[in-house]
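A look at the structure
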Amino acid sequence: MVRNVAGLLPELEAEDFYLLSGVEQGMRFSEWVQREKLPKFSGLTEEEVDYRLERCLKRGLVEKKTIQYEGYTLQFEGYDVLALRSLVERDTISEFGSPLGVGKESDVYEVRSYKPFALKYHREGYTNFREVHKERDYTSDNEHVSWMYTARKAAEREYDILETLYPDVSVPRPIDQNRHAIVMEKMDGVELSRTRLTNDQVLGVLDLLVDEVALAYANGYVHADMSEYNVFVNEAGVKIFDWPQAIPTDHENATEFLRRDLTNILGYFRRKYPQHVPEDIDTDELAAAIETDSFDSVLDARP
């Protein structure tokens, strides 16, 4: 888990951010930015660069490495503080709260402006960069791709997808995005994996969930990573989150991913509620109904 850097904002000065932005700019060309290039990238003098590097190193915002040259790279905390400062300056965020969730590819915190929101930092590539670089479409065509680029592209992609789907599909309302960070509606309810539905609720919630999958498909996207861990349930219904890996419906593998999503959903409900989910609900029939815009109910997709 990358630490919360919100407490650093009051003690950092404008020149610290010039230095961090300069390292960020240099990382467009190389993972490690040569010390001698930092005055040009940051707009600071040689002496000021030395002073600001010392401050940022002390706070764990950058890392130093001596290879063939003295080089510097941003730590994720340095990238976090750049994104957070931009969101604060745009009045998107005024207060920073407690963690809402920590995952392999993202950290989510409660933040506040005129109401509570959720701030999601994308972490793709921080610990498993090679795998993400290989698998995700938005990294495959780039020769020099860092974890920073990978995380930013994931955030941009998810924000664009949320803007496309909301409000037709029950997804978190997108508020703002900067670098690898997204501010979105804070979701009410409980994660599906931690929900215990009553006998009368099981098929109703399953039907709502598949209906949202169908609506997303009608609006151009397949989630491509559906599970009980990215669905919230509350009295109003269900809400699907985590969309950076979604693929457009004209993708050559869209049908395959749609069937996999439906298989994951049905598999979860059958494992947890085996007495209440008919075994003869057919995944292929469900997928075909969604693709032809004729989905009505999970109970209709039976041979």
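The written sequence of each chain sets the order in which its residues are numbered from 1. Predicted model: local features are reported for residues with pLDDT of at least 70 only, side-chain atom pairs are reported and counted for 80 or more only, and whole-chain, interface and lining totals are derived from all residues. Side-chain measures were taken over the full set of non-hydrogen atoms in the model, leaving aside hydrogen atoms and water.

1. What about the overall build of the protein?
Operational definition: Every helix listed is a DSSP run of H or I at least four residues long, and every strand listed is a run of E at least two residues long, numbered separately from the N terminus. Burial status follows relative accessibility: with a 1.4 Å probe on protein chains alone, a residue under 20% of its type maximum counts as buried, one over 50% as exposed, and anything between as partly exposed. Contact definition: two residues touch when any of their heavy atoms are within 4.5 Å. To be clear on the numbers: accessible area is Shrake-Rupley with a 1.4 Å probe, and residue cover counts the displayed protein chains and nothing else.
Counting its secondary structure elements, the protein contains nine helices and 13 strands. Expressed along its principal axes, the backbone C-alpha trace of the protein runs to roughly 75 × 40 × 30 Å. Residue burial in the protein is summarised as follows: out of 303 residues, 50% are buried. The long-range share in the protein, meaning contacts at least 24 apart out of those at least 6 apart in sequence, stands at 62%. Total accessible area computed for the protein in this model is approximately 14,900 Å², and 43% of it derives from carbon and sulfur atoms.

2. Points about helix 1 (residues 14–26)
The line we're drawing: A helix's residues, less one, multiplied by 1.5 Å, set its expected span.
In this model, helix 1 (13 residues) spans 19 Å end to end at C-alpha, consistent with the 18 Å of a helix rising 1.5 Å per residue. What helix 1 keeps buried is the set Asp16, Phe17, Leu19, Leu20, Gly22, Val23, Glu24 and Gly26.

3. As for the side chain of Gln245
Keep this limit in mind: Two N or O atoms count as a polar contact when they lie within 3.5 Å, although within protein this holds only if one can serve as hydrogen donor and the other as acceptor, and sequence-adjacent residues are included solely when both atoms are side-chain atoms.
Structurally, Gln245 is set in the loop between strand 12 (237–240) and strand 13 (247–248). There is a polar contact of 3.1 Å between the side chain of Gln245 and the backbone oxygen of Asp242.

4. Concerning the pattern of salt bridges
As a reminder, the rule being used: Any Lys or Arg side-chain nitrogen found within 4 Å of a carboxyl oxygen on Asp or Glu counts as a salt bridge.
Following the criterion strictly, the structure yields 23 salt bridges and no others. A salt bridge links Glu89 to Arg85; its shortest N-O distance comes to 3.4 Å. Of this pair, Glu89 and Arg85 both sit in helix 4 (residues 76–89), four residues apart, which is roughly one turn of the helix. Assessed through its relative accessible area of 53%, Glu89 is described here as exposed. In this structure, the salt-bridge partner of Arg259 is Asp284, at a minimum N-O distance of 2.9 Å.

5. With respect to the domain arrangement of the protein
Definition in use: Each domain's extent was defined by an automatic or database domain assignment. The term buried area denotes the loss of accessible surface (1.4 Å probe radius) that occurs when two parts are joined, taken as the sum for both partners. Amino acid classes used here: Ala, Val, Leu, Ile, Met, Phe, Trp, Tyr, Cys and Pro are nonpolar; Asp, Glu, Lys and Arg are charged; the rest, including Gly, are polar.
Here the protein is described as being made up of domain 1 (6–185) and domain 2 (191–292). Each of domain 1 and domain 2 was reduced to a C-alpha centroid, and the two centroids are 32 Å apart. Contacts between domain 1 and domain 2 engage 19 residues on the former and 17 residues on the latter. Carbon and sulfur atoms supply 56% of the area that domain 1 and domain 2 bury against each other, a total of about 1,400 Å² over both sides. Seen at the junction of domain 1 and domain 2, the total is two salt bridges. Between Lys120 and Asp242 there is a salt bridge, with its nearest N and O atoms 2.6 Å apart. For the pair domain 1 and domain 2, the number of links is eight residue pairs in polar contact (both at pLDDT 80 or more). For the side of domain 1 that touches domain 2, the secondary-structure elements that each account for two or more residues are strand 6 (116–122) and helix 6 (147–165). Residues of the side of domain 1 that touches domain 2, tallied by class, amount to eight nonpolar, three polar and eight charged.

6. Observations concerning the environment of Ser113
With respect to the secondary-structure elements, Ser113 resides in the loop between strand 5 (106–112) and strand 6. With a relative accessible area of 23%, Ser113 lands in the partly exposed category. On a C-alpha basis, the gap between Ser113 and Val88 in space is 9.5 Å, while along the polypeptide they are 25 residues apart. For Ser113, the residues in contact, after removing those within four places along its chain, are Asp91, Thr92 and Ser94.

7. Examining the pairing of strand 5
For clarity, the cut-off: Two strands qualify as a pair provided that DSSP identifies no fewer than 2 bridges between them.
The element strand 5 is largely enclosed, with a buried count of five among its seven residues. Pairing geometry for strand 4 (residues 95–102) and strand 5, over five bridges, is antiparallel. What sits directly across from Glu95, in strand 5, is Arg112. Taking the residues that link successive antiparallel strands as the turn, the strand 4-strand 5 hairpin has three residues. Turn length for the strand 5-strand 6 hairpin, with the two strands adjacent in sequence and antiparallel, is three residues.

8. Some thoughts on the packing of helix 7 (residues 202–218) against helix 8 (residues 254–272)
The test is simple: Axes here mean lines fitted to C-alpha atoms, for a helix over just the part in contact, with angles spanning 0 to 180 degrees between N-to-C directions. Should an angle fall under 35 degrees it is called roughly parallel, over 145 degrees roughly antiparallel, and 65 to 115 degrees roughly perpendicular, with every other angle called oblique.
Interaxial distance between helix 7 and helix 8 falls to 11 Å at its minimum, and their mutual angle equals 170°. Taken together, the axes of helix 7 and helix 8 are roughly antiparallel relative to one another. Seen from helix 7, the contacting residues are Val202, Val205, Leu206, Leu209, Val210, Val213 and Tyr217; seen from helix 8, they are Leu258, Leu262, Ile265, Leu266 and Phe269. Classifying every residue of the contact of helix 7 with helix 8 gives 12 nonpolar, no polar and no charged.

9. Looking at the sheet that holds strand 11 (residues 231–234)
What the three strands build is an open sheet, ordered 9-11-12; its pairing is antiparallel. The open sheet has two edge strands, strand 9 (190–191) and strand 12, and neither has a second partner. The sheet contact formed by strand 9 and strand 11 spans two bridges and is antiparallel. Counterpart to Val190 in the pairing with strand 11 is Val233. Set on the sheet, helix 7 makes contact with strand 11 and strand 12; between it and strand 12 the angle comes to about 40°.

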